[in-house]
Amino acid sequence: MKTPASSFTACHDCDLLIARTRLKKGQSLNCPRCHAKLFHARLNPIERGLALAITSLILFLPANLLPILSLSIFGQQQSETILQSVLSLYDGGLAIVAAVVLIFAVLVPGLQILLLTYITACLQFRINGHYLRQSLNLYHTLHGWGMLEIYLIGTLIAVIKLKDIANLEPGLGLYCLAALIFTTCLTNSLFDIQHAWQVFGQRRDTQKAHL
Amino acid sequence: MNTGSYKSARQEGYLLCRHCHTLHTLDQQDQHCHVCETPLHSRMEHTLQRSWAFLLASVICFFPANLLPIMTFKSFGSGAPSTIMGGIIELFTGGFWGIGLVVLIASIIIPCLKILGMLTLLLSLKFHWRTSARQKTWLYRGVEWVGRWSMLDIFVIAVLVALVQLGSLASISPGHGATAFAAVVILTMLSALNFDTRLIWDKYAPTDTQHHDT
(Lines give C-alpha, C1' and ligand atoms only; values in the text may rest on other atoms or scores of the structure.)
Protein backbone atom coordinates (compact mmCIF):
# COMPACT_ATOMS: atom_id res chain seq x y z
CA MET A 1 0.00 0.00 0.00
CA LYS A 2 1.33 3.39 -1.03
CA THR A 3 1.59 6.41 1.22
CA PRO A 4 -1.59 8.44 0.72
CA ALA A 5 -1.26 11.36 -1.64
CA SER A 6 -2.40 13.76 1.07
CA SER A 7 0.90 13.52 2.92
CA PHE A 8 2.80 14.84 -0.07
CA THR A 9 2.63 17.69 -2.47
CA ALA A 10 4.44 18.35 -5.73
CA CYS A 11 5.99 21.44 -7.27
CA HIS A 12 3.80 22.74 -10.09
CA ASP A 13 6.85 23.97 -12.00
CA CYS A 14 9.29 21.04 -11.77
CA ASP A 15 7.16 18.16 -10.41
CA LEU A 16 9.44 17.58 -7.40
CA LEU A 17 7.73 15.46 -4.76
CA ILE A 18 7.78 17.22 -1.40
CA ALA A 19 6.54 16.12 2.01
CA ARG A 20 3.70 18.29 3.24
CA THR A 21 4.53 20.50 6.21
CA ARG A 22 2.30 22.68 8.33
CA LEU A 23 3.13 26.33 7.83
CA LYS A 24 2.69 29.02 10.44
CA LYS A 25 0.85 32.18 9.45
CA GLY A 26 3.04 34.34 7.27
CA GLN A 27 5.41 31.54 6.34
CA SER A 28 5.89 30.42 2.79
CA LEU A 29 7.22 27.23 1.25
CA ASN A 30 9.40 27.35 -1.83
CA CYS A 31 10.45 24.45 -4.02
CA PRO A 32 13.99 23.45 -3.00
CA ARG A 33 14.86 22.57 -6.58
CA CYS A 34 13.40 25.30 -8.81
CA HIS A 35 12.47 27.87 -6.11
CA ALA A 36 8.85 28.18 -7.23
CA LYS A 37 6.59 29.47 -4.47
CA LEU A 38 4.41 26.54 -3.48
CA PHE A 39 2.48 27.79 -0.48
CA HIS A 40 2.15 31.01 1.35
CA ALA A 41 0.20 30.88 4.60
CA ARG A 42 -1.33 34.34 4.40
CA LEU A 43 -3.25 36.02 7.18
CA ASN A 44 -7.03 35.73 6.68
CA PRO A 45 -6.80 35.55 2.88
CA ILE A 46 -10.53 34.96 2.40
CA GLU A 47 -11.69 37.77 4.63
CA ARG A 48 -9.20 40.21 3.15
CA GLY A 49 -10.03 39.02 -0.35
CA LEU A 50 -13.71 39.78 0.29
CA ALA A 51 -12.93 43.27 1.57
CA LEU A 52 -10.76 44.01 -1.44
CA ALA A 53 -13.32 42.53 -3.84
CA ILE A 54 -16.03 44.83 -2.51
CA THR A 55 -13.70 47.85 -2.73
CA SER A 56 -12.81 46.94 -6.31
CA LEU A 57 -16.48 46.46 -7.13
CA ILE A 58 -17.23 50.00 -5.95
CA LEU A 59 -14.33 51.44 -7.94
CA PHE A 60 -14.94 49.48 -11.12
CA LEU A 61 -17.96 51.36 -12.47
CA PRO A 62 -16.61 54.93 -12.05
CA ALA A 63 -13.24 53.82 -13.44
CA ASN A 64 -15.00 52.64 -16.56
CA LEU A 65 -17.69 55.28 -16.96
CA LEU A 66 -16.05 58.52 -15.85
CA PRO A 67 -13.63 60.29 -18.21
CA ILE A 68 -10.00 59.32 -17.74
CA LEU A 69 -8.56 62.24 -19.63
CA SER A 70 -9.94 65.28 -21.34
CA LEU A 71 -8.11 67.17 -24.02
CA SER A 72 -8.68 70.71 -25.16
CA ILE A 73 -7.14 72.27 -28.24
CA PHE A 74 -8.17 75.59 -29.84
CA GLY A 75 -11.26 75.66 -27.67
CA GLN A 76 -12.42 72.22 -28.74
CA GLN A 77 -12.85 69.57 -26.08
CA GLN A 78 -12.70 65.82 -26.19
CA SER A 79 -12.80 63.44 -23.25
CA GLU A 80 -12.04 59.75 -23.11
CA THR A 81 -13.25 56.73 -21.18
CA ILE A 82 -12.04 53.15 -21.56
CA LEU A 83 -15.22 52.19 -23.37
CA GLN A 84 -14.90 55.17 -25.70
CA SER A 85 -11.39 54.10 -26.67
CA VAL A 86 -12.85 50.71 -27.57
CA LEU A 87 -15.53 52.36 -29.71
CA SER A 88 -13.01 54.62 -31.45
CA LEU A 89 -10.89 51.64 -32.41
CA TYR A 90 -14.00 49.91 -33.73
CA ASP A 91 -14.97 52.98 -35.74
CA GLY A 92 -11.43 53.20 -37.05
CA GLY A 93 -11.89 49.79 -38.65
CA LEU A 94 -9.92 47.72 -36.15
CA ALA A 95 -12.63 45.48 -34.73
CA ILE A 96 -10.11 42.88 -33.48
CA VAL A 97 -7.98 45.39 -31.59
CA ALA A 98 -11.16 46.94 -30.18
CA ALA A 99 -12.21 43.49 -28.95
CA VAL A 100 -8.75 42.88 -27.45
CA VAL A 101 -8.87 46.16 -25.50
CA LEU A 102 -12.46 45.47 -24.42
CA ILE A 103 -11.57 41.98 -23.19
CA PHE A 104 -8.29 42.75 -21.42
CA ALA A 105 -9.12 46.18 -19.99
CA VAL A 106 -12.84 45.84 -19.21
CA LEU A 107 -14.31 42.35 -19.33
CA VAL A 108 -11.52 40.30 -17.72
CA PRO A 109 -10.89 42.74 -14.82
CA GLY A 110 -14.65 43.07 -14.26
CA LEU A 111 -15.19 39.32 -14.34
CA GLN A 112 -12.26 38.78 -11.97
CA ILE A 113 -13.76 41.18 -9.45
CA LEU A 114 -17.21 39.56 -9.68
CA LEU A 115 -15.72 36.07 -9.35
CA LEU A 116 -13.59 37.09 -6.39
CA THR A 117 -16.60 38.61 -4.65
CA TYR A 118 -18.62 35.44 -5.21
CA ILE A 119 -15.80 33.07 -4.18
CA THR A 120 -14.78 34.91 -1.04
CA ALA A 121 -18.39 35.60 0.02
CA CYS A 122 -19.29 31.90 -0.37
CA LEU A 123 -16.22 30.74 1.55
CA GLN A 124 -16.40 33.39 4.24
CA PHE A 125 -20.10 32.96 5.06
CA ARG A 126 -20.16 29.20 4.39
CA ILE A 127 -22.74 29.55 1.66
CA ASN A 128 -23.15 26.60 -0.67
CA GLY A 129 -22.55 28.37 -3.97
CA HIS A 130 -23.70 26.24 -6.88
CA TYR A 131 -21.09 27.69 -9.20
CA LEU A 132 -18.24 27.85 -6.69
CA ARG A 133 -16.13 25.21 -8.43
CA GLN A 134 -16.65 26.75 -11.88
CA SER A 135 -15.88 30.20 -10.48
CA LEU A 136 -12.63 29.02 -8.92
CA ASN A 137 -11.63 27.35 -12.18
CA LEU A 138 -12.44 30.46 -14.22
CA TYR A 139 -10.67 32.74 -11.75
CA HIS A 140 -7.59 30.54 -12.02
CA THR A 141 -7.74 30.61 -15.82
CA LEU A 142 -8.15 34.38 -16.04
CA HIS A 143 -5.06 35.01 -13.92
CA GLY A 144 -2.65 37.27 -15.79
CA TRP A 145 -5.09 38.35 -18.51
CA GLY A 146 -6.42 41.47 -16.75
CA MET A 147 -4.33 44.40 -17.92
CA LEU A 148 -5.62 47.50 -16.16
CA GLU A 149 -2.20 48.62 -14.94
CA ILE A 150 -0.86 48.42 -18.48
CA TYR A 151 -3.79 50.54 -19.65
CA LEU A 152 -2.87 53.16 -17.05
CA ILE A 153 0.76 53.29 -18.18
CA GLY A 154 -0.52 53.49 -21.77
CA THR A 155 -2.61 56.51 -20.78
CA LEU A 156 0.43 58.18 -19.26
CA ILE A 157 2.45 57.62 -22.44
CA ALA A 158 -0.41 59.09 -24.48
CA VAL A 159 -0.34 62.15 -22.19
CA ILE A 160 3.36 62.65 -22.83
CA LYS A 161 2.87 62.27 -26.58
CA LEU A 162 0.11 64.88 -26.62
CA LYS A 163 1.20 67.39 -24.00
CA ASP A 164 3.00 69.61 -26.51
CA ILE A 165 0.06 70.08 -28.84
CA ALA A 166 -2.86 70.20 -26.44
CA ASN A 167 -4.01 70.87 -22.89
CA LEU A 168 -4.77 67.70 -20.99
CA GLU A 169 -6.81 67.39 -17.82
CA PRO A 170 -6.96 64.22 -15.76
CA GLY A 171 -10.55 63.12 -15.12
CA LEU A 172 -12.11 61.53 -12.07
CA GLY A 173 -11.97 58.19 -13.89
CA LEU A 174 -8.18 58.29 -13.82
CA TYR A 175 -8.11 58.45 -10.02
CA CYS A 176 -10.64 55.63 -9.77
CA LEU A 177 -8.58 53.59 -12.23
CA ALA A 178 -5.40 54.15 -10.21
CA ALA A 179 -7.21 53.16 -7.00
CA LEU A 180 -8.64 50.08 -8.72
CA ILE A 181 -5.17 49.02 -9.84
CA PHE A 182 -3.96 49.47 -6.27
CA THR A 183 -6.69 47.18 -4.88
CA THR A 184 -6.00 44.65 -7.67
CA CYS A 185 -2.31 44.54 -6.73
CA LEU A 186 -3.23 44.15 -3.07
CA THR A 187 -5.60 41.32 -3.97
CA ASN A 188 -2.81 39.53 -5.81
CA SER A 189 -0.54 39.73 -2.79
CA LEU A 190 -3.10 39.08 -0.04
CA PHE A 191 -5.56 36.61 -1.57
CA ASP A 192 -4.49 33.12 -2.54
CA ILE A 193 -6.42 30.97 -4.99
CA GLN A 194 -4.63 27.82 -3.74
CA HIS A 195 -5.87 28.51 -0.24
CA ALA A 196 -9.39 28.97 -1.60
CA TRP A 197 -9.10 25.59 -3.35
CA GLN A 198 -7.99 23.97 -0.09
CA VAL A 199 -10.92 25.40 1.85
CA PHE A 200 -13.26 24.36 -0.97
CA GLY A 201 -11.80 20.82 -1.02
CA GLN A 202 -12.08 20.43 2.76
CA ARG A 203 -15.68 21.62 2.75
CA ARG A 204 -16.50 19.20 -0.03
CA ASP A 205 -14.92 16.32 1.87
CA THR A 206 -16.84 17.06 5.08
CA GLN A 207 -20.08 17.37 3.12
CA LYS A 208 -19.46 13.98 1.54
CA ALA A 209 -18.73 12.50 4.97
CA HIS A 210 -22.11 13.73 6.22
CA LEU A 211 -24.03 12.11 3.38
CA MET B 1 24.10 20.56 -9.43
CA ASN B 2 22.95 17.70 -7.29
CA THR B 3 19.70 16.59 -8.84
CA GLY B 4 20.21 12.87 -8.34
CA SER B 5 18.51 12.71 -4.95
CA TYR B 6 15.41 14.54 -6.14
CA LYS B 7 12.42 12.45 -7.12
CA SER B 8 9.66 13.79 -9.29
CA ALA B 9 6.05 13.10 -8.43
CA ARG B 10 5.66 11.10 -11.61
CA GLN B 11 8.62 8.86 -10.76
CA GLU B 12 7.04 8.10 -7.41
CA GLY B 13 3.66 7.42 -8.94
CA TYR B 14 1.91 10.69 -8.20
CA LEU B 15 0.33 13.37 -10.30
CA LEU B 16 -0.39 16.99 -9.48
CA CYS B 17 -3.59 18.68 -10.62
CA ARG B 18 -2.37 21.86 -12.27
CA HIS B 19 -5.56 23.72 -11.47
CA CYS B 20 -6.11 23.24 -7.75
CA HIS B 21 -2.72 21.68 -6.86
CA THR B 22 -4.27 18.54 -5.35
CA LEU B 23 -1.98 15.52 -5.47
CA HIS B 24 -3.38 12.34 -7.01
CA THR B 25 -1.92 8.95 -7.80
CA LEU B 26 -0.62 8.40 -11.30
CA ASP B 27 -3.30 5.81 -12.14
CA GLN B 28 -5.83 8.65 -12.14
CA GLN B 29 -4.27 9.98 -15.36
CA ASP B 30 -7.00 11.16 -17.80
CA GLN B 31 -9.64 11.00 -15.07
CA HIS B 32 -11.10 14.10 -13.50
CA CYS B 33 -9.80 15.75 -10.35
CA HIS B 34 -12.23 15.19 -7.48
CA VAL B 35 -11.82 18.75 -6.25
CA CYS B 36 -11.89 20.97 -9.34
CA GLU B 37 -13.16 18.37 -11.85
CA THR B 38 -10.66 19.31 -14.55
CA PRO B 39 -8.97 16.46 -16.51
CA LEU B 40 -5.80 15.15 -14.86
CA HIS B 41 -2.57 14.88 -16.83
CA SER B 42 0.86 14.15 -15.42
CA ARG B 43 2.22 16.49 -18.12
CA MET B 44 0.15 18.93 -20.16
CA GLU B 45 -1.13 17.28 -23.32
CA HIS B 46 0.57 18.20 -26.62
CA THR B 47 2.41 20.92 -24.75
CA LEU B 48 5.35 21.18 -27.16
CA GLN B 49 3.26 21.08 -30.34
CA ARG B 50 0.95 23.80 -29.04
CA SER B 51 3.78 25.93 -27.78
CA TRP B 52 5.60 25.65 -31.13
CA ALA B 53 2.44 26.40 -33.09
CA PHE B 54 1.66 29.59 -31.16
CA LEU B 55 5.30 30.66 -31.33
CA LEU B 56 5.56 30.20 -35.11
CA ALA B 57 2.27 32.06 -35.59
CA SER B 58 3.62 34.94 -33.51
CA VAL B 59 6.83 35.05 -35.57
CA ILE B 60 4.72 35.32 -38.73
CA CYS B 61 2.66 38.18 -37.25
CA PHE B 62 5.82 39.92 -36.05
CA PHE B 63 6.61 41.18 -39.57
CA PRO B 64 3.32 42.93 -40.40
CA ALA B 65 3.27 44.25 -36.82
CA ASN B 66 6.49 46.12 -37.41
CA LEU B 67 6.11 46.98 -41.09
CA LEU B 68 2.50 48.15 -41.27
CA PRO B 69 1.53 51.51 -39.78
CA ILE B 70 -0.09 51.32 -36.35
CA MET B 71 -1.70 54.76 -36.58
CA THR B 72 -2.02 57.86 -38.73
CA PHE B 73 -1.86 61.33 -37.21
CA LYS B 74 -3.51 64.00 -39.37
CA SER B 75 -3.45 67.71 -38.58
CA PHE B 76 -5.07 70.22 -40.96
CA GLY B 77 -5.34 67.51 -43.58
CA SER B 78 -1.68 66.56 -43.64
CA GLY B 79 0.13 63.77 -41.86
CA ALA B 80 1.71 60.42 -42.51
CA PRO B 81 1.09 56.94 -41.14
CA SER B 82 3.62 55.84 -38.55
CA THR B 83 4.93 52.42 -37.59
CA ILE B 84 5.95 51.30 -34.10
CA MET B 85 9.60 52.11 -34.78
CA GLY B 86 8.62 55.47 -36.31
CA GLY B 87 6.76 56.43 -33.15
CA ILE B 88 9.74 55.55 -30.99
CA ILE B 89 12.14 57.56 -33.17
CA GLU B 90 9.72 60.49 -32.96
CA LEU B 91 9.81 60.31 -29.14
CA PHE B 92 13.60 60.17 -29.14
CA THR B 93 14.02 63.11 -31.54
CA GLY B 94 11.42 65.03 -29.51
CA GLY B 95 13.70 64.67 -26.50
CA PHE B 96 11.52 62.24 -24.54
CA TRP B 97 14.30 59.77 -23.84
CA GLY B 98 12.74 58.11 -20.83
CA ILE B 99 9.35 57.46 -22.36
CA GLY B 100 10.94 56.56 -25.71
CA LEU B 101 12.97 53.94 -23.91
CA VAL B 102 9.86 52.55 -22.18
CA VAL B 103 8.03 52.18 -25.50
CA LEU B 104 11.15 50.76 -27.17
CA ILE B 105 11.48 48.14 -24.43
CA ALA B 106 7.78 47.29 -24.31
CA SER B 107 7.12 47.20 -28.05
CA ILE B 108 10.31 45.99 -29.69
CA ILE B 109 12.73 44.50 -27.17
CA ILE B 110 10.23 42.51 -25.06
CA PRO B 111 8.46 40.83 -28.02
CA CYS B 112 11.86 39.94 -29.53
CA LEU B 113 13.18 38.58 -26.24
CA LYS B 114 9.96 36.66 -25.65
CA ILE B 115 10.14 34.97 -29.03
CA LEU B 116 13.86 34.24 -28.61
CA GLY B 117 13.29 32.97 -25.06
CA MET B 118 10.53 30.56 -26.06
CA LEU B 119 12.62 29.48 -29.06
CA THR B 120 15.58 28.73 -26.76
CA LEU B 121 13.39 26.70 -24.40
CA LEU B 122 11.73 24.71 -27.17
CA LEU B 123 14.97 24.08 -29.10
CA SER B 124 16.82 23.03 -25.95
CA LEU B 125 14.15 20.40 -25.27
CA LYS B 126 14.05 19.32 -28.90
CA PHE B 127 17.81 18.82 -29.22
CA HIS B 128 18.47 17.87 -25.56
CA TRP B 129 20.87 20.75 -24.97
CA ARG B 130 22.86 20.28 -21.81
CA THR B 131 21.92 23.56 -20.19
CA SER B 132 20.96 24.35 -16.62
CA ALA B 133 17.36 23.43 -15.88
CA ARG B 134 17.20 26.07 -13.19
CA GLN B 135 18.29 28.80 -15.61
CA LYS B 136 15.74 27.61 -18.14
CA THR B 137 13.00 27.73 -15.52
CA TRP B 138 13.94 31.31 -14.68
CA LEU B 139 14.00 32.14 -18.38
CA TYR B 140 10.47 30.77 -18.64
CA ARG B 141 9.31 32.76 -15.62
CA GLY B 142 10.79 35.91 -17.16
CA VAL B 143 9.00 35.29 -20.45
CA GLU B 144 5.74 34.58 -18.65
CA TRP B 145 5.95 37.62 -16.37
CA VAL B 146 6.99 40.12 -18.97
CA GLY B 147 4.58 38.90 -21.65
CA ARG B 148 1.58 41.06 -20.90
CA TRP B 149 3.57 44.31 -20.81
CA SER B 150 3.99 44.42 -24.58
CA MET B 151 0.26 45.15 -24.71
CA LEU B 152 1.27 48.69 -23.76
CA ASP B 153 1.42 50.05 -27.30
CA ILE B 154 -2.08 48.78 -28.08
CA PHE B 155 -3.47 50.72 -25.12
CA VAL B 156 -1.51 53.85 -26.10
CA ILE B 157 -3.13 53.66 -29.53
CA ALA B 158 -6.54 53.10 -27.95
CA VAL B 159 -6.21 56.23 -25.79
CA LEU B 160 -4.79 58.39 -28.60
CA VAL B 161 -7.46 57.36 -31.08
CA ALA B 162 -10.23 58.17 -28.61
CA LEU B 163 -8.78 61.50 -27.51
CA VAL B 164 -7.65 63.02 -30.76
CA GLN B 165 -10.89 63.16 -32.72
CA LEU B 166 -11.16 66.85 -33.54
CA GLY B 167 -12.26 66.65 -37.15
CA SER B 168 -10.00 68.42 -39.64
CA LEU B 169 -8.06 70.12 -36.86
CA ALA B 170 -6.31 66.98 -35.68
CA SER B 171 -7.25 63.34 -35.77
CA ILE B 172 -5.58 60.00 -35.18
CA SER B 173 -6.82 56.87 -36.89
CA PRO B 174 -5.60 53.36 -36.09
CA GLY B 175 -3.76 51.20 -38.62
CA HIS B 176 -3.73 47.47 -39.28
CA GLY B 177 -0.25 47.06 -37.86
CA ALA B 178 -1.96 47.28 -34.47
CA THR B 179 -4.02 44.15 -35.19
CA ALA B 180 -0.87 42.22 -36.07
CA PHE B 181 0.89 43.59 -33.02
CA ALA B 182 -1.93 42.54 -30.69
CA ALA B 183 -1.77 39.11 -32.31
CA VAL B 184 1.99 38.86 -31.59
CA VAL B 185 1.43 39.69 -27.93
CA ILE B 186 -1.45 37.26 -27.46
CA LEU B 187 0.20 34.45 -29.42
CA THR B 188 3.47 34.67 -27.47
CA MET B 189 1.46 34.68 -24.21
CA LEU B 190 -0.38 31.56 -25.37
CA SER B 191 2.89 29.93 -26.41
CA ALA B 192 4.27 30.44 -22.90
CA LEU B 193 1.01 29.36 -21.28
CA ASN B 194 0.98 26.07 -23.15
CA PHE B 195 4.57 25.23 -22.25
CA ASP B 196 4.87 22.71 -19.43
CA THR B 197 7.96 23.64 -17.39
CA ARG B 198 8.06 20.19 -15.83
CA LEU B 199 9.46 18.88 -19.13
CA ILE B 200 12.63 20.91 -18.47
CA TRP B 201 13.25 18.83 -15.35
CA ASP B 202 12.21 15.46 -16.72
CA LYS B 203 15.60 14.71 -18.22
CA TYR B 204 16.96 14.43 -14.68
CA ALA B 205 14.48 11.68 -14.00
CA PRO B 206 14.44 8.30 -15.71
CA THR B 207 11.37 7.97 -17.86
CA ASP B 208 10.53 4.38 -16.97
CA THR B 209 7.22 5.42 -15.41
CA GLN B 210 6.22 7.35 -18.52
CA HIS B 211 4.06 4.53 -19.85
CA HIS B 212 2.12 3.89 -16.74
CA ASP B 213 -0.92 2.38 -18.38
CA THR B 214 -1.32 -0.74 -16.28
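Residues numbered from 1 in each chain as written. Chains lettered and ligands numbered in written order. Predicted model: local features only at pLDDT ≥ 70, side-chain atom pairs only at ≥ 80, totals over all residues. Heavy atoms only, no water.

1. Here's the deal with the domain arrangement of chain A
Right, on to step 1. Taken as a whole, chain A is organised into domain 1 (1–41) and domain 2 (44–203).
Right, on to step 2. Between the C-alpha centres of domain 1 of chain A and domain 2 of chain A the distance comes to 32 Å. (Domains from an automatic or database assignment.)

2. Notes on the sheet that holds strand β5 (residues 170–174) of chain B
Residue and element names in this part refer to chain B.
Right, on to step 1. Here three strands make up an open sheet; going across it, the order is β4-β3-β5 and the pairing antiparallel. Looking at which strands have only one partner, the edges of the open sheet turn out to be β4 (81–82) and β5.
Right, on to step 2. Bridge analysis of strand β3 (residues 71–75) against β4 gives two bridges, and the strand direction is antiparallel. Counted as the bridge partner of threonine 72 is proline 81 from β4. (Pairing = 2+ DSSP bridges. Helix = DSSP H or I, 4+ residues; strand = E, 2+ residues; numbered from the N terminus.)

3. Some details on the interface of chain B and chain A
Right, on to step 1. Between chain B and chain A, the residue contacts involve 66 residues of the former and 70 residues of the latter.
Right, on to step 2. With both sides pooled, the region where chain B packs onto chain A buries about 6,100 Å², and carbon together with sulfur makes up 70% of that total.
Right, on to step 3. One can count six salt bridges joining chain B with chain A.
Right, on to step 4. Between Arg204(A) and Glu37(B) there is a salt bridge, with the nearest N and O atoms lying 2.6 Å from each other.
Right, on to step 5. Our count for the contact surface shared by chain B and chain A stands at 22 residue pairs in polar contact (both at pLDDT 80 or more). (Contact = heavy atoms within 4.5 Å. Buried area = accessible area lost by both parts, 1.4 Å probe. Salt bridge = Lys/Arg side-chain N within 4 Å of Asp/Glu carboxyl O. Polar contact = N/O pair within 3.5 Å; in protein donor to acceptor, adjacent residues only side chain to side chain.)

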